[in-house]
Amino acid sequence: MRTLFVPLAVMALAASPAFSQPAAGSNPSPIRHTAAATPEPASPLDLRSALALALRFNPGLSSASREREASDAAVVQAGAWPNPVFDAQVEDLRRGNRTTTLQLSQPIELGGKRAARVTAAERARDQAASALLARRSELRASVITLFFEVLAAQERLRLAQDSVGLAEVATRAAANRVAAGKVSPLEESRARVAEAGIRVELLQAEGALRSARQQLAALWGNPNPRFTQADGALDRLPADAAADVEGRLSAAPVLRQARLEVERRQALSDLEQARRVPDVTVSLGAKRVPADEGMGSGSGRNQVVVGLSVPLPIFDTNRGNVAEALSREEKARDELAAAELQLGADVAQATERLRSARATALTLQRDALPGAEAAYKAAARGFELGKFSFLEALDAQRTLFQVRNQHLLAVADAHRAAAELDRLLGTGGEEETPDAAPAAR
């Protein structure tokens, strides 16, 4: 945003140290683990760089990515066939009567259990991928919101510095007038009290900026931000997204997650239905029996062993698991309907906030700011020439700063609402970032 030129405060501001220049020894070194590995620039940070840092180093996004990788492994495991079973039996330890049986058994799944199990695992994998995209959208919205919070805090700091510069000049002017016997000492006391109050506002603005910078840098795992300034155009309002909402509503992350949950629950219901069909186990082996003394044979005989095992579903028919799965499937459908209603309400609220903030910012920029700036310049010039009192100049200054602060709040609220819409409707983190190029000063 364009910084207002204040004729009376030029020398005071030039003599005061800039807030963006850290004091010697005040910039802490990065933390040993996460922050040390984060290539955060110490120079001014733009929005595109902030998004790149967050998408690369955010721990929550990394966690969602690990979950996506784990779901791939779960799909592989779900498609695995049952292992064969090798069985060895020895009857009677006496050598002459010993019978040895070697047998290999293979369980065979029936009823489509394997296909249903793989389908359920694939739906869980789709959910993990969708959750990763949703996390990227949330992170992108958080970065945009906090980046513009930093820009707004920087502008409030500049306004407070301008105010302190005028207060210092006014205090010196009042002291000179008191020394010359032109005004009462009460005028100087008022000027010093006003300057003290403005300095408190400056300290508050500095603290707000530090807090905003820390919150932004925490998104890429650095609690001690290294960047000294955010570089962007705060006065460029986001576009009105009302016309684009309907087309993006059906692809919102929360609805995509809810639909995938319905599909996963349906796959689990099919799996429980398939488990009602008993599996069979086919066995093939060889049996070594001792020689029959009555036959007069001196060696034993080998026999082929073939078996088939089928459990009888008499006591356990998996009826309870089937009922539970069907109930959870219906629950997922109800949650999908509830998510659609809640999303519609949240999107409508965010859209109205964006529209209202845009209208407020445009009205202040078009109608209120030009008049307040003209009045302030006239009062400041008149105070410099001795035509206006300090209180008159201070009143004009406070009016201007109040209007500009209202404009800052409206612009910041517009960017927050736009970022909230992106979070609700989903962006995947791949779309072009908002234009935050620095404005000409």
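Residues numbered from 1 in each chain as written. Predicted model: local features only at pLDDT ≥ 70, side-chain atom pairs only at ≥ 80, totals over all residues. Heavy atoms only, no water.

A. Representation of the overall build of the protein in the model. Per the secondary structure count, the protein includes 9 helices and 4 strands. Looking at the protein as a whole, 38% of its 441 residues are labelled buried. Long-range pairs, those at least 24 residues apart, make up 82% of the contacts in the protein with a sequence separation of at least 6. Surface summary for the protein: the accessible area is close to 24,000 Å², and the carbon and sulfur share equals 54%. (Helix = DSSP H or I, 4+ residues; strand = E, 2+ residues; numbered from the N terminus. Buried < 20%, exposed > 50% of the residue type's maximum accessible area, 1.4 Å probe, protein only. Contact = heavy atoms within 4.5 Å. Areas by Shrake-Rupley, 256 points an atom, 1.4 Å probe, with all protein chains shown as cover.)

B. Examining the sheet that holds strand β4 (residues 301-309) more closely. In spatial order, the strands read β1-β2-β3-β4; together these 4 strands make up an open sheet with antiparallel pairing. Each edge of the sheet is formed by a strand with only one pairing partner; in this case those strands are β1 (85-91) and β4. Between one strand axis and the next, the sheet turns by 15° as a mean value, whatever way the strands run. Sheet analysis places strand β2 (residues 99-108) next to strand β3 (residues 280-289), joined by 9 bridges and oriented antiparallel. (Pairing = 2+ DSSP bridges. Axes fitted to C-alpha atoms, helices over the stretch in contact; angles between N-to-C directions.)

C. Representation of helix α2 (residues 47-57) in the model. Residues of α2 that are buried: Leu 47, Ala 50, Leu 51, Leu 53, Ala 54 and Phe 57. Along the axis of α2, the buried positions cluster into a sector of 165°, meaning they face one direction only. Among the exposed residues of α2, those pointing more than 90 degrees away from its buried face are Arg 48 and Arg 56. Residues of α2 that are buried sit in contact with α3 (59-78) and α4 (113-179). (Arc of directions from axis to C-beta.)

D. How the structure looks around the environment of Ala 194. Locating Ala 194 in the fold gives a position in helix α5 (residues 185-218). Distance from Ala 194 to Val 164, taken between C-alpha atoms, is 9.5 Å for residues 30 residues apart in sequence.

E. The arrangement of the packing of aromatic side chains in detail. Here the structure, examined in full by the defined rule, presents 3 aromatic pairs. With a centroid separation of 5.9 Å and 90° between ring planes, the pair formed by Phe 147 and Phe 148 is classed as edge-to-face. Both residues of the pair, Phe 147 and Phe 148, count as buried. Plain terms: the ring middles of Trp 220 and Phe 227 are 6.5 Å apart, the flat faces sit at 55° to each other, and that makes the pair tilted. Comparing Trp 220 with Phe 227, the two get one shared label, buried. A cation sits over an aromatic face here: Arg 114 above Trp 81, 4.5 Å from the ring centre. (Phe/Tyr/Trp six-rings, centres within 6.5 Å; stacked < 30°, edge-to-face > 60°. Lys NZ or Arg CZ within 6 Å of the ring centre and 35° of its normal.)

F. Local environment of the packing of α2 against α4. Here α2 crosses α4 at 140°, and the two axes come no closer than 10 Å. Considering the angle they form, α2 stands oblique to α4. The crossing of α2 and α4 is right-handed. Of α4, the residues touching α2 (which contributes Leu 47, Ala 50, Leu 51, Ala 54 and Leu 55) are Arg 136, Leu 139, Arg 140, Val 143, Ile 144, Phe 147 and Phe 148. Its residues assigned to classes, the contact of α2 with α4 comprises 10 nonpolar, no polar and 2 charged. (Parallel < 35°, antiparallel > 145°, perpendicular 65-115°, else oblique. Left-handed = near helix turned anticlockwise from the far one by under 90°. Nonpolar A, V, L, I, M, F, W, Y, C, P; charged D, E, K, R; others polar.)

G. Spotlight on the nonpolar core. If you look at the biggest cluster of nonpolar residues, it comprises 77 residues, and the most contacted ones within it are Val 143, Leu 216 and Trp 220. Those elements giving two or more residues to this core turn out to be α2, α3, α4, α5, α7 (253-274), α8 (319-384) and α9 (390-425). Looking at which element gives the most residues to this core, the answer is α4, with 18 residues. (Core = buried A, V, L, I, M, F, W, Y, C linked by side-chain atoms within 4.5 Å.)

H. Highlighting α7. Taking 1.5 Å of rise per residue, 22 residues should cover 32 Å, and α7 covers 31 Å from first to last C-alpha, within 8% of that figure. Taken together, the buried positions of α7 are Pro 253, Leu 255, Ala 258, Leu 260, Glu 261, Val 262, Arg 264, Ala 267, Ser 269, Leu 271, Glu 272 and Ala 274. (Expected span 1.5 Å × (residues − 1).)

I. Here's a closer look at the packing of α3 against α4. Packing of α3 against α4 leaves a shortest axis separation of 9 Å and a crossing angle of 170°. Between α3 and α4, the interaxial angle falls into the category roughly antiparallel. Here the contact of α3 with α4 is composed, by residue class, of 12 nonpolar, 3 polar and 9 charged.

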